[in-house]
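Structure at a glance
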Amino acid sequence: MSDDLQTLDAMHDAAWALLEAGGGMTAGLATVSADGAPEARTVVLRHAARAQAMLEVYTDIKSDKITSLQHNPSASFLIWDPETQLQIRALTQVDILTGAATDDAWAAVPDHSRQSYGVAPPPGAEIAEPTAYHKPGGQAHFAVLRCAIKTLDIVSLKLPHRRARFSLSQDGEWAANWLAP
């Protein structure tokens, strides 16, 4: 990735290069609970597609984030890459895919990871002991969060600092402007 982030196009290209190369990268995902409280958690970015302006995350269908996203489908990602010194915030609109719509994603989940979907009792439930749960796994408990990006806020912390915002229009065109870092 080039250190030359002198243009808006270069900032946009650098962010997408990081996102598309980052299958397996961790990110912060913020949602709003049904009662209006902010929630944040670490998720694994499974897929990014510039052409569709989309990010994907996998989750257990019974996780709290599903309930929150059913109430309010807006979510924000926070990604930091220490190597490139880029921070990316992505405001997204989330579609929750389940069942047959997840067949391709489920087929790509390694066998040893499939047990993570279907924890019983459900994620976040109170338990009596640290290991008082089991992981039966299964696609019936698996969801793909397909996150359509509405805006990207990109900050380069290389000197001199730079910041740019990219907003996606209804016709699929990016509008961009510099922001004070």
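First, a word on scope: everything that follows refers to the structure included in this document.

Reading the values: rules and limits
Residues numbered from 1 in each chain as written. Predicted model: local features only at pLDDT ≥ 70, side-chain atom pairs only at ≥ 80, totals over all residues. Heavy atoms only, no water. Helix = DSSP H or I, 4+ residues; strand = E, 2+ residues; numbered from the N terminus. Polar contact = N/O pair within 3.5 Å; in protein donor to acceptor, adjacent residues only side chain to side chain. Buried < 20%, exposed > 50% of the residue type's maximum accessible area, 1.4 Å probe, protein only. Pairing = 2+ DSSP bridges. Expected span 1.5 Å × (residues − 1). Core = buried A, V, L, I, M, F, W, Y, C linked by side-chain atoms within 4.5 Å. Contact = heavy atoms within 4.5 Å.

**Section: the side chain of Glu-56**
Here Glu-56 is to be found in strand S3 (residues 54–60). A polar contact of 2.7 Å, which involves the side chain of Glu-56, links it to the side chain of Arg-146.

**A short note on the pairing of strand S4 (residues 74–81)**
Side chains on a regular strand alternate between the two faces of the sheet. Of the two faces of S4, the one lined by Ala-75, Phe-77, Ile-79 and Asp-81 is fully buried and the one lined by Ser-74, Ser-76, Leu-78 and Trp-80 carries no buried residue. Pairing between strand S1 (residues 25–32) and S4: 3 bridges, direction antiparallel. For Gly-28, the partnering residue across the bridge sits in S4 and is Leu-78. In the sheet, S4 pairs with strand S5 (residues 86–97) via 8 bridges, with the strands oriented antiparallel. By the bridge assignment, Ala-75 is partnered in S5 with Thr-92. Hairpin connection, S4 to S5: the antiparallel pair is bridged by 4 residues, and Gln-85 has positive phi, about 60 degrees.

**Quick notes on unusual backbone geometry**
Following Ala-120, the chain continues into Pro-121 via a peptide bond in cis, with omega recorded as -5 degrees. Relative to the helices and strands, Pro-121 is located in the loop between helix H4 (111–114) and strand S6 (142–156). Omega for the peptide link from Leu-159 to Pro-160 comes to -10 degrees, which places this bond in the cis form. Assignment of secondary structure puts Pro-160 in the loop between S6 and strand S7 (162–168). One non-glycine residue, Gln-85, lies in positive phi territory at about 60 degrees. Within the fold, Gln-85 resides in the loop between S4 and S5. Classification of Gln-85 as partly exposed rests on a relative accessible area of 29%.

**Structural notes on helix H1 (residues 8–21)**
With 14 residues, H1 ought to run about 20 Å at 1.5 Å a step, and its terminal C-alpha atoms sit 20 Å apart, in line with that. Taken residue by residue, H1 has Ala-10, Met-11, His-12, Ala-14, Ala-15, Trp-16, Leu-18 and Leu-19 as its buried positions.

**With respect to the nonpolar core**
Counting 34 residues, the largest nonpolar core has Leu-19, Leu-55, Phe-77, Leu-145 and Leu-152 as its most contacted members. It is H1 that provides the largest number of residues to this core, a total of 7 residues. Counting residues in hydrophobic clusters, the runner-up holds 8 residues, among them Leu-97, Trp-106, Tyr-117 and Val-144.

**Side note on the side chain of Thr-84**
In this fold, Thr-84 is placed in the loop between S4 and S5. The buried category is assigned to Thr-84, whose relative accessible area is 12%. Only 2.6 Å separates the side chain of Thr-84 from the side chain of Asp-81, close enough to count as a polar contact.

**Concerning the environment of Ile-66**
With respect to the helices, strands and loops of the structure, Ile-66 is situated in helix H2 (residues 64–71). Separated by 30 residues in the primary sequence, Ile-66 and Ile-96 place their C-alpha atoms 7.7 Å from one another. For Ile-66, the contacting residues outside a window of four places in its chain are Thr-59, Asp-60, Ile-61, Ile-96, Ala-143 and Leu-145.

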